Amino acid sequence: MNTVGIIETKHGKGSYIASNPLSKAFKNIFPPIVLSTDLESIKLLEARRFIEVGTTRLAANNIDARQLERLESYIESMEKATGNDDLEKFQKSDLKFHLGIAEGCDNEFLFGLLQGLRNLMEEQLSFVLNIPGRIESSLNYHKQILNGLQEGNPEKASEAVAEHIRNATQDIRESEKNELLSF
């Protein structure tokens, strides 16, 4: 229990349940699981869809005006990056957009789940965004997601993120199939 952060031992005073023990345990357990797992892109997208549909649904009810403005700024940044062929800037804004939604869901455990996947998501985005047409498609889906969040419509927002991830999955499968055919 002590190794995962649930019990704190204070020398000369005894052992106590840690403040916010679930959060500490989560932070100590989750990263090693992720780091020790060899995830392929499709499996990661499946995990993301599972998490992000829920976080988006919650965010539609819980996100505040400041957080919505931040999401708008990420979309503006993606639009500028698209115009300037700046893949790296697009990728960073794309990731911030998804993490911003998770933050807006107002649930530290769900936000922590997505934060735990951050490095894997960065790697995935660097691959996925190089698929022809993927940047424009992603930008369009991000706008649909934001629209659902702005309307406070959980169904619209969560369906847009589910479709976004399904579309990315399809693009990856198609890209992998084309790579195999080119040999």
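Worth saying up front: this structure is predicted, and the values here are computed from it rather than measured. (Residues numbered from 1 in each chain as written. Predicted model: local features only at pLDDT ≥ 70, side-chain atom pairs only at ≥ 80, totals over all residues. Heavy atoms only, no water.)

### Points about the overall build of the protein
For step 1, the next point in the chain: Helices and strands together make up the secondary structure of the protein, namely eight helices and two strands.
For step 2, the next point in the chain: The N-to-C order of helical and strand elements in the protein reads β-β-α-α-α-α-α-α-α-α.
For step 3, the next point in the chain: Put simply, 67% of the contacts in the protein that link residues at least 6 apart link residues at least 24 apart.
For step 4, the next point in the chain: When the accessible area of the protein is evaluated, it comes to approximately 10,400 Å², of which 52% is carbon and sulfur surface. (Helix = DSSP H or I, 4+ residues; strand = E, 2+ residues; numbered from the N terminus. Contact = heavy atoms within 4.5 Å. Areas by Shrake-Rupley, 256 points an atom, 1.4 Å probe, with all protein chains shown as cover.)

### Some thoughts on unusual backbone geometry
For step 1, the next point in the chain: Not every positive phi belongs to a glycine, and Asp85 is a case in point at roughly 50 degrees.
For step 2, the next point in the chain: Note on placement: Asp85 falls in the loop between helix H3 (65–83) and helix H4 (87–104).
For step 3, the next point in the chain: Residue Asp85 is classed as exposed on the basis of its relative accessible area, which comes to 72%.
For step 4, the next point in the chain: Unlike most non-glycine residues, Asp106 shows phi in positive territory, near 65 degrees.
For step 5, the next point in the chain: Looking at where Asp106 falls in the secondary structure, it is placed in the loop between H4 and helix H5 (108–116). (Buried < 20%, exposed > 50% of the residue type's maximum accessible area, 1.4 Å probe, protein only.)

### With respect to the pattern of salt bridges
For step 1, the next point in the chain: Counted according to the given criterion, the structure contains 11 salt bridges.
For step 2, the next point in the chain: The partner of Lys156 in a salt bridge is Glu151, with the nearest N and O atoms 2.9 Å apart.
For step 3, the next point in the chain: Residues joined in a network through salt bridges with shared partners are Glu159, Glu163 and Arg166. (Salt bridge = Lys/Arg side-chain N within 4 Å of Asp/Glu carboxyl O.)

### Quick word on the environment of Ile172
For step 1, the next point in the chain: With respect to the helices and strands, Ile172 occurs in helix H8 (residues 154–181).
For step 2, the next point in the chain: Linking Ile172 and Ser41, residues 131 residues apart in sequence, is a C-alpha distance of 7.8 Å.
For step 3, the next point in the chain: Here Ile172 is in contact with Ser41, Ile42, Leu45, Phe127, Val128 and Ile131, once residues within four sequence places are set aside.

### Some points on the nonpolar core
For step 1, the next point in the chain: Leu71, Phe97 and Leu149 are the most contacted members of the largest nonpolar core, which has 39 residues in total.
For step 2, the next point in the chain: Elements represented by at least two residues in this core include exactly helix H2 (41–62), H3, H4, helix H6 (118–128), helix H7 (134–150) and H8.
For step 3, the next point in the chain: Beyond its immediate sequence surroundings of up to four residues, Phe97 is in contact with Leu71, Tyr74, Ile75, Met78, His142, Ile145 and Leu146. (Core = buried A, V, L, I, M, F, W, Y, C linked by side-chain atoms within 4.5 Å.)

### Section: the environment of Met121
For step 1, the next point in the chain: Considering the arrangement of structural elements, one finds Met121 in helix H6.
For step 2, the next point in the chain: Separated by 30 residues in the primary sequence, Met121 and Gln91 have C-alpha atoms spaced 9.8 Å apart.
For step 3, the next point in the chain: Ignoring any residue separated from it by four or fewer positions in sequence, one finds Met121 in contact with Leu44, Arg48, Glu52, Leu95, His98 and Leu114.

### Focus: the side chain of Arg48
For step 1, the next point in the chain: Relative to the helices and strands, Arg48 is located in helix H2.
For step 2, the next point in the chain: Under the relative-accessibility criterion, Arg48 is labelled buried at 5%.
For step 3, the next point in the chain: Discounting residues that sit within four places of it in the chain, Arg48 has contacts with Val53, His98, Met121, Gln124 and Ile165.

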